[in-house]
Amino acid sequence: MIFIAVKFTARPEHAETWLKKTAAFTEATRAEEGNLFFDWSRGVEDPNQFVLLEGFRDADAGAVHVASDHFKAGLATMAPLIATTPEIINADIPNEGWGAMGELTPQG
């Protein structure tokens, strides 16, 4: 699995509309055959910061994503919205996606 984490810092005037403005990119990516997950989180301490966690089946699926028209359109959409260059972690890990955390289970 290709695991990607990207940290985006939005310009303050775009933070409230970030998810709406990136919705088409998100929906198109989630529809890709090789996409396992594509999930946004917003910073608790910095509401201008968004973290995107992405998972792709393998390197080929990741390459299809980066070559897609919606990827290019997504970058074009985000470029005027960001305050800084995004930071990224990209790793190929031997895993099929999410698994259960054995150390914690619901109680009550």
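Up top you'll find the structure we're talking about.
Since this is a predicted model, take the numbers as computed values, not measurements. (Residues numbered from 1 in each chain as written. Predicted model: local features only at pLDDT ≥ 70, side-chain atom pairs only at ≥ 80, totals over all residues. Heavy atoms only, no water.)

A. A look at the layout of surface pockets. Estimates place the volume of the largest pocket at around 250 Å³. Lining the largest pocket are 18 residues, with Ile4, Val6, Glu54, Phe71 and Ile88 sitting closest to its centre. Breaking the lining of the largest pocket down by element, the ones donating at least two residues are β1 (2-9), β3 (49-56), α3 (59-67), α4 (69-78) and β4 (87-92). By residue number, the principal contributor to the lining of the largest pocket is β1, which donates 4 residues. In terms of residue class, the lining of the largest pocket is made up of 13 nonpolar, 3 polar and 2 charged. (1 Å grid on protein atoms, 1.4 Å probe; cavity = no way out; pocket = protein on both sides within 12 Å on 5 of 7 lines; lining within 4 Å. Points joined across faces, edges and corners; volume = space filled by probe spheres on them. Helix = DSSP H or I, 4+ residues; strand = E, 2+ residues; numbered from the N terminus. Nonpolar A, V, L, I, M, F, W, Y, C, P; charged D, E, K, R; others polar.)

B. Structural view of the packing of aromatic side chains. A full pass over the atoms with the stated rule returns 9 aromatic pairs. Considering the side-chain rings of phenylalanine 8 and tryptophan 18, the 5.5 Å spacing of their centres and the 50 degrees angle between planes classify their relative orientation as tilted. Pair noted here: phenylalanine 8 is in strand β1 and tryptophan 18 is in helix α1 (residues 18-21), with a separation of 10 residues, a long-range link. With respect to burial, phenylalanine 8 and tryptophan 18 carry one shared label: buried. (Phe/Tyr/Trp six-rings, centres within 6.5 Å; stacked < 30°, edge-to-face > 60°. Buried < 20%, exposed > 50% of the residue type's maximum accessible area, 1.4 Å probe, protein only.)

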